[in-house]
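# Structural overview
Here is what each chain is made of, one letter per residue.
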Protein chains: 2
Amino acid sequence: MGSETAPLRERKKERTRVDLATAARRLTAEHGLDAVTVAQIADAADVSVRTFFNYFRCKEEAVVGVSPSSLREFADAVLDRPSGEPALTALIETLLQTASDPEMAEGWELRSELVRLYPALLPRHLAAMADVEEALAASVAERLGTDLSSDPIPTILVASVVSVVRATFSWWTHSDRAVPLTDVLARAFDALAGGFAVVDVEVSAR
Amino acid sequence: MGSETAPLRERKKERTRVDLATAARRLTAEHGLDAVTVAQIADAADVSVRTFFNYFRCKEEAVVGVSPSSLREFADAVLDRPSGEPALTALIETLLQTASDPEMAEGWELRSELVRLYPALLPRHLAAMADVEEALAASVAERLGTDLSSDPIPTILVASVVSVVRATFSWWTHSDRAVPLTDVLARAFDALAGGFAVVDVEVSAR
């Protein structure tokens, strides 16, 4: 039971979790949420139903949940940005990096599509998004030497950056997609970092 | 059938809708969403079940839906701000005004609480929030002389302002409430308008 074995066991557990989540999403996309059972998901990932419940409370959580290790990766990515970089920049760069990873982007696109198709996924999906936002906010607070309970700014900063990502993605999905998503995202982040001064144009009288 | 009668009929219809929505929220708060029927809601508002379905598709929509006239009011409030005022300011002032109306604030607080208690309300609630955001974005686009389909900025601007309101409200609800909500909201909007430069402090090395 040397300390060398723990990371291996951790990696194996993480692998099982990813296999289960991938199977849950694939089966839901193929057969619809109602038709998929926990037994089928466990089968597809070569584990028992009992093992499934070591990782997830229900099939909905397997489809849209975000794993503790993913939350840790998000949080670490924000902390690993150069010290001295503004918190907003650190957060934006972290999310741009996620968006530019094709595998990651595809995973998030499938997840959004499934949530759109199956409203029963909404409660778990929103809970997962809240987990992501809280993990990011904790890192922002750490960078700023403040804490989440006494200072509202980290929570608000993360909420607005995440909402910009979501709104950009949604706008782009409904557009003719003539402009690449990453370009629209970069423009959106510029507008946010500039306090939306870009839109302080003279307006005509009504 | 003079043109004078139309506004009166409109007002009467709006009154019925408000009565139904108020009854739906009150009954849900008292008895729980599952126990409440459309017939009870219609009874409480002194109309028939058939009339209920002229206004709403289901009881969930009666609890969390936003009426067309409320959407119009939000949109008009943004357009009615002084021309020459930046779009971000016009939007913020509109929402601050809503938040400072005690009746309005209470209505939104009850709605959030019911959504938290009954996840079955989530799909209709999110649809209603999307309606509000789209109405606000249309007004922002009109102020900027642009349109929603070719320019992502109005959609993104509205999403970030609304998310700041939501995050502030959520942070404040979980805080000890020592600082008034409107003060936290004003600070949050200042941070947003400043591109979150307020948090560009020197950070210590990790």
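Scoring rules and cut-offs
- Sequence positions are assigned chain by chain, starting from 1 and proceeding in written order.
- Written order decides the labels, with chains lettered from A and ligands numbered from 1.
- The predicted nature of this model means local features are confined to residues of pLDDT at least 70 and side-chain atom pairs, given and counted, to a pLDDT of 80 or more, with totals for whole chains, interfaces and linings taken over all residues.
- With hydrogens and water excluded, all non-hydrogen atoms of the structure serve as input to the side-chain values.
- The patches described consist of residues with a relative accessible area above 30% and no salt bridge, like charges being joined within 9 Å and nonpolar side chains (Val, Leu, Ile, Met, Phe, Trp, Tyr) within 5 Å.
- We get accessible surface area from the Shrake-Rupley algorithm with a probe of 1.4 Å; when it comes to residues, only the shown protein chains can shield them.
- The rule for a salt bridge is simple: a side-chain nitrogen of Lys or Arg has to be within 4 Å of a carboxyl oxygen of Asp or Glu.
- Positive charge is attributed to Lys and Arg, negative charge to Asp and Glu, and no charge count is given to His or to the chain ends.
- In plain terms, the charge of a residue is placed at NZ if it is Lys, CZ if Arg, CG if Asp and CD if Glu.
- Buried means the residue's accessible area, taken with a 1.4 Å probe over protein chains only, is under 20% of the maximum for its type, while exposed means over 50%, and partly exposed covers the values in between.
- We call Phe, Tyr and Trp rings a pair once their centres come within 6.5 Å, taking the six-membered ring for Trp, and we label the pair stacked below 30 degrees between planes, edge-to-face above 60, and tilted otherwise.
- Definition used: whenever NZ (Lys) or CZ (Arg) falls within 6 Å of the ring centre and also within 35 degrees of the ring normal, the charge is taken to sit over that ring.
- Runs of H or I in DSSP of at least four residues are treated as helices and runs of E of at least two as strands, each being numbered from the N terminus.
- Multiplying one less than the number of residues by 1.5 Å gives the expected span of a helix.
- In this comparison the copies share one frame, found by least squares on the C-alpha atoms of residues holding pLDDT of at least 70 in both.
- By definition, residues are in contact when any of their heavy atoms lie within 4.5 Å.
- Interaxial angles span 0 to 180 degrees and are taken between N-to-C directions of axes, which are lines fitted to C-alpha atoms, for helices over the stretch in contact.
- Here the word oblique covers every angle except those under 35 degrees (roughly parallel), over 145 (roughly antiparallel) and from 65 to 115 (roughly perpendicular).
- Crossings are sorted by hand: turned counterclockwise from the far helix by less than a right angle, the near helix makes the crossing left-handed, and turned clockwise it makes it right-handed.
- Amino acids outside the nonpolar list (Ala, Val, Leu, Ile, Met, Phe, Trp, Tyr, Cys, Pro) and the charged list (Asp, Glu, Lys, Arg) are all regarded as polar, and Gly is one of them.

## Here we look at a negative patch on the surface
Taken together, Asp101, Glu103, Glu106 and Glu109 of chain A make up a surface patch of like negative charges. Relative accessible area serves as the criterion here: at 36%, glutamate 109 of chain A is assigned to the partly exposed category.

## Considerations on the packing of aromatic side chains
In total, this model carries four aromatic pairs over all chains according to the counting rule given. Between the aromatic rings of phenylalanine 52 of chain B and phenylalanine 53 of chain B, the centroid separation amounts to 5.2 Å while the plane-to-plane angle is 85°, which identifies the pairing as edge-to-face. Taking the relative accessible area as the measure of exposure, phenylalanine 52 of chain B reaches 0% and is therefore buried. Taken together through their ring pairs, the aromatic side chains of Phe52, Phe53 and Phe56 of chain A make up a single cluster. Looking at arginine 111 of chain A, its charged tip hangs above the ring of tryptophan 108 of chain A, at a distance of 4.4 Å from the centre.

## Focus: helix H5 (residues 68–79) of chain A
For H5 of chain A, built from 12 residues, the straight-helix expectation of 16 Å at 1.5 Å per residue is met to within 8% by its first-to-last C-alpha distance of 17 Å. Restricting attention to buried positions, one finds in H5 of chain A the residues Ser69, Leu71, Phe74, Ala75, Val78 and Leu79 of chain A.

## Things to note about the relation of the copies chain B and chain A
With an RMSD of 0.0 Å, the fit of chain B onto chain A corresponds to turning through 180° and sliding 0.0 Å along the axis. Taken together, the rotation and translation relating the two chain copies correspond to the operation of a two-fold axis. Taking the C-alpha atom as reference, chain B places glycine 195 of chain B closest to the rotation axis, 2.0 Å from it. A share of 100% of the interface residues of chain B reappears at the interface of chain A, consistent with the copies meeting face to face through the same patch.

## Observations regarding the packing of helix H5 (residues 68–79) of chain B against helix H6 (residues 87–100) of chain B
Pairs of packed helices are described in terms of their axes, by the angle between the two and the distance that separates them. Residue and element names in this part refer to chain B. Running from amino to carboxyl end, H5 crosses H6 at an angle of 130°, the nearest separation of the two axes being 8 Å. One finds that H5 runs oblique with respect to H6. Helix-helix and strand crossings are classified by hand; for H5 and H6 the assignment is right-handed. For the pair H5 and H6, contact is made by Phe74, Ala77 and Val78 and by Ala90, Leu91, Thr94 and Thr98, respectively. Across the contact of H5 with H6, the residue classes break down as five nonpolar, two polar and no charged.

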